[in-house]
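# Topology and contacts: notes
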Amino acid sequence: MDDLERNGYRIIQNPEKFCFGMDAVLLTGFARARGSDRLLDLGTGTGIIPLLMEAKYHCAHLTGLEIQADSADMAARSVELNGLSDRIDIVTGDIKEADRLFPAASFDCVTCNPPYMIGRHGIANPEAPKAIARHEILCTFEDVARQTGKLLKPGGHFFLVHRPFRLAEIVVSLARHGLEPKRMQLVYPYVDREPNMVLLEAVRGGRARMTVEKPLIVFREPGVYMPEIREIYGY
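Keep in mind it's a predicted model, so treat the numbers as computed, not measured.

## Considering the overall build of the chain
Scanning the chain from N- to C-terminus turns up eight helices and 13 strands. Relative to its length of 235 residues, the chain is compact, with a C-alpha radius of gyration of 17 Å against a globular reference of 18 Å. Viewed in the frame of its principal axes, the chain has a C-alpha envelope of about 45 × 40 × 40 Å. Within the chain, the fraction of its 235 residues that count as buried is 49%. Long-range pairs, those at least 24 residues apart, make up 71% of the contacts in the chain with a sequence separation of at least 6. Surface exposure of the chain reaches about 11100 Å², of which carbon and sulfur atoms provide 50%. The positive charge centre, built from 29 side chains, and the negative charge centre, built from 31, are 5 Å apart in the chain.

Written as structure tokens, this is what we have:
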């Protein structure tokens, strides 16, 4: 059980399976929402993104979709632990079938921290929770973009975190499903290193214009976060 440093919220995790990482936290720092919004998190894992988005924006309702039953169970128990059962739903299901689980155009915001790696290369156990979370074993980014395009309201916002080496493919997939990239921020581990994450916001049916925000640097020196990172974490 870990303290999320927001509203006293805590989260239940199993380190032997999969725990949330910095990418999920940075995504909630990049994303924006309103108190009236209905939000869907695709591939929610143990529910970190709905919990942090509720803490920050108090959305009208949040839903986390997760295919792995053990992770979904931990997410649901974390929701109950924090007294949020009336605000957050955890649904066990497949991203590829999300349009069968939820009505079309029923969400104001969609968030996703999807698997980054393509295929099963180098995976010892493709059924392991960590492998499923990190590699495109059960769904691809194309699946994520397709379902988001169906479930977002016109003008709705999609927030995601991914790896820069797949940026061209990501932008093409988003555009193919009516999701116009509007805002981007690159994340660098240190000021003199290459970026290792990209944060993106897309709008369903948006006009073709994108803002590139100033870079986000994680560490001032080994083990010392930059002030912006400490603020995002709530320290």
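## Comments concerning the packing of helix H6 (residues 141-151) against helix H7 (residues 167-176)
Between H6 and H7, whose axes approach to 9 Å, the crossing angle comes to 30°. Comparing their axes, H7 and H6 come out roughly parallel. The chirality of how H6 crosses H7 is right-handed. Residue-level inspection shows Phe 141, Glu 142 and Ala 145 of H6 in contact with H7, the latter providing Ile 170, Ser 173, Leu 174 and Arg 176. Residues that form the contact of H6 with H7 fall into these classes: four nonpolar, one polar and two charged.

## Description of the pattern of salt bridges
One pass over the full model with this rule turns up 12 salt bridges. Between Arg 87 and Glu 54 there is a salt bridge; the shortest N-O distance is 2.8 Å. In this pair, Arg 87 is assigned in the loop between helix H3 (69-81) and strand S5 (88-92) and Glu 54 in helix H2 (residues 48-57), connecting sequence segments 33 residues apart. Residue classification places Arg 87 among the partly exposed residues on the basis of a relative accessible area of 23%. Through salt bridges with shared partners, one network takes in Arg 32, Arg 183, Glu 201 and Glu 213.

## A short note on the environment of Leu 167
Considering the arrangement of structural elements, one finds Leu 167 in helix H7. Separated by 30 residues in the primary sequence, Leu 167 and Met 197 have C-alpha atoms spaced 9.9 Å apart. Not counting the four nearest positions on each side in its chain, Leu 167 is found in contact with Met 184, Val 198 and Leu 200.

Reading the values: rules and limits
- Residues numbered from 1 in each chain as written.
- Predicted model: local features only at pLDDT ≥ 70, side-chain atom pairs only at ≥ 80, totals over all residues.
- Heavy atoms only, no water.
- Helix = DSSP H or I, 4+ residues; strand = E, 2+ residues; numbered from the N terminus.
- Rg over C-alpha atoms; globule rule 2.2 N^0.38 Å.
- Buried < 20%, exposed > 50% of the residue type's maximum accessible area, 1.4 Å probe, protein only.
- Contact = heavy atoms within 4.5 Å.
- Areas by Shrake-Rupley, 256 points an atom, 1.4 Å probe, with all protein chains shown as cover.
- Lys, Arg positive; Asp, Glu negative; His and termini not counted.
- Charge placed at Lys NZ, Arg CZ, Asp CG, Glu CD.
- Axes fitted to C-alpha atoms, helices over the stretch in contact; angles between N-to-C directions.
- Parallel < 35°, antiparallel > 145°, perpendicular 65-115°, else oblique.
- Left-handed = near helix turned anticlockwise from the far one by under 90°.
- Nonpolar A, V, L, I, M, F, W, Y, C, P; charged D, E, K, R; others polar.
- Salt bridge = Lys/Arg side-chain N within 4 Å of Asp/Glu carboxyl O.

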